[in-house]
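Secondary and tertiary structure notes
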Amino acid sequence: MSEEERKSYIICKNIFHYLCKNTFEMQKIKDYVEANKDRFLEELFELLRFPSVSADPQYKEGVLNTAEFVAQKLKDAGADKVEICPTAGYPIVYGEKIIDPSLPTVLVYGHYDVQPADPIELWETPPFEPTVRDGKIYARGSADDKGQFYMHVKAFEYMMKENELACNVKFMIEGEEEVGSANLGIFVNANKERLKADVIVISDTSMISLENPSLETGLRGLSYVEVEVTGPNRDLHSGVYGGAVANPATILSKMIASLHDENNHIAIPGFYDDVLELTEAERKALNEAPFDVQEYEQDLGVQELWGEKGFTTIERTGIRPTLEVNGIWGGYIGEGAKTVLPSKAFAKISMRLVPNQNSERITKLFKEHFEKIAPKSVKVEVKPHHGGEPVVTPTDSIAYKAAEKALEDTFNKKPIPTRGGGSIPIVALFEKELGIKTVLLGFGLDSDNLHSPNEKYGIENYLKGIETIPLFHKYYAELSK
Ligand code: BES
Ligand code: MN
Ligand code: MN
């Protein structure tokens, strides 16, 4: 379609929408967002100013204050039974509005904790001082996940104020997602009755673009390990001993390099055994999503992409498992040069998993393999961290259809299903413990710099999200009848 054709298509579509019966609701929410957008932004900025880094104990106060703020905002918006529920770690903020037990219940999950901001020197503006540039809000947590879960709080405020609530709503906003949600499973298990719902909605994923709305229909699982390679019993003078003793940093590098073969397949025996292969038709559908290799390369500043032979980039980041080194260190890394043969070298390694891989099994395979390939000259220790299971969310459910309709209303285009590369381990757990499926109603972009310096979230994404959510509730209630 040419730009001209696209424009006239959009105009025709707008006229059509104007004439149909949903126009009134759409216009009403649009007007509300328009009238309140400055306040919606100001409140989000306030939320973003809290440094809620769950990984770093130095920010404990910041994390706890964020929970207080979220609870207050839920109360202000009209939620009942708002509670800051303590856990062995950071608390979970709960709130609900039950308008009619015979109506369906939507459980909103999100996280108020954020990733560490470092390397802090690479931020153009301070990570906890939200700044708008070019229509985007720059701040740690803007897209992941404060800006996204807060859309639900504001959409709820609208539905309460304007008497438009179509479903019962429950909120569960946690503070430990970025460190593995270790205490959430315990909370879910102990609160099964309170958390009873018909569907879980999570806005913590990406869409392709504002022009190409999409819905993620799967998340990868995660195995995460830390490895420690020990050579001599102390750091040595690299001149006196170098050449006679294995250097653990060299050995570790070689071991890591051997984990991918020449086709960039993962060379751990049994690693692919349980991988669910997609049919040709499914792969074809997946690859129909708009994707511009050049734009992707340019955005990342790389000359060429890399990955498993025989698969496209969309497949490599969506339906294929991967192994990445997240960090590697050892020996002298301070100023200047110190001649030393280190005693130890370390790495943190993550593996993204796809259906039907299992994180415990993969961690075990990794450990066995890594210990086996270690030469006698070193000792190897593999320490498992948190894990999570992969999920695929249904596209034939009422909830998915409601999300599709709501997005089509606000974006004038039917969203396409995609597979997300990231992980939200709680999704598989919710399904197992509560028997409830999830809809991943994400409004971020992959290029929002999640977990990187200069994280950002588009103002338009934020406001469009607030517009879409009440429509989701409305359609979900209607389709549930
Ligand atoms: N929101 C992300 C996950 C995500 C991002 C899914 C983009 C799909 C698209 C979440 O906060 C996250 O970062 N999860 C971690 C896993 C967790 C166990 C630390 C991840 O994916 O690394
Ligand atoms: Mn997140
Ligand atoms: Mn994250």
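Below is a summary of the structure that appears in this document. Remember, predicted model here, so these are calculated numbers, not experimental data.

Considering the packing of aromatic side chains
- Tallying each qualifying case throughout the model produces 13 aromatic pairs.
- Look at Phe472 and Tyr476: their rings are 5.8 Å apart centre to centre, the planes differ by 10°, and that puts the pair in the stacked class. With Phe472 and Tyr476 both in helix H13 (residues 459–480) and four residues apart, the pair spans about one turn of that helix.
- The class for Tyr476 is buried, based on a relative accessible area of 6%.
- Grouping aromatic residues by their ring pairs yields a cluster made of Tyr32, Phe40 and Tyr158.
- One cation-aromatic arrangement involves Arg194 over Tyr94; the distance from NZ or CZ to the ring centre is 4.7 Å.
- One Lys or Arg, Lys464, reaches over the ring of Phe411 and ends 5.3 Å from the middle of that ring.

As for the sheet that holds strand E16 (residues 379–388)
- The four strands are arranged E13-E15-E11-E16 in an open sheet whose pairing can be described as antiparallel. Each having just a single partner strand, strand E13 (322–330) and E16 make up the two edges of the open sheet. Averaged over neighbouring strand pairs, the angle between their axes works out to 15° when direction is ignored.
- Two elements, E13 and strand E15 (residues 344–353), share eight bridges in a ladder whose sense is antiparallel. In the sheet register, Leu323 faces E15, and the bridge partner there is Met351.
- Along the sheet, helix H6 (residues 248–257) makes contact with strand E11 (221–230), E13, E15 and E16, crossing E15 at roughly 15°.

A closer look at the pattern of salt bridges
- Under the definition given, this model contains 34 salt bridges.
- One salt bridge in this structure joins Lys28 and Glu162, with 3.8 Å as the shortest N-O distance. Of this pair, Lys28 sits in helix H2 (residues 23–49) while Glu162 sits in the loop between helix H4 (142–161) and strand E6 (168–174), and the two are 134 residues apart along the sequence.
- Glu162 gets classed as partly exposed once you look at its relative accessible area, which sits at 31%.
- Ionic pairing is found between Asp80 and Lys97, a salt bridge with its closest N-O pair at 3.1 Å. Taken together, the positions of Asp80 in strand E1 (residues 80–85) and Lys97 in strand E2 (residues 92–97) put the pair 17 residues apart, joining distant regions of the chain.
- What makes Asp80 partly exposed here is its relative accessible area of 35%.
- In the salt-bridge network here, residues are joined through shared partners; they are Arg39, Glu43, Lys154 and Glu157.

Rules behind the numbers
- Residues numbered from 1 in each chain as written.
- Chains lettered and ligands numbered in written order.
- Predicted model: local features only at pLDDT ≥ 70, side-chain atom pairs only at ≥ 80, totals over all residues.
- Heavy atoms only, no water.
- Phe/Tyr/Trp six-rings, centres within 6.5 Å; stacked < 30°, edge-to-face > 60°.
- Helix = DSSP H or I, 4+ residues; strand = E, 2+ residues; numbered from the N terminus.
- Buried < 20%, exposed > 50% of the residue type's maximum accessible area, 1.4 Å probe, protein only.
- Lys NZ or Arg CZ within 6 Å of the ring centre and 35° of its normal.
- Pairing = 2+ DSSP bridges.
- Axes fitted to C-alpha atoms, helices over the stretch in contact; angles between N-to-C directions.
- Contact = heavy atoms within 4.5 Å.
- Salt bridge = Lys/Arg side-chain N within 4 Å of Asp/Glu carboxyl O.

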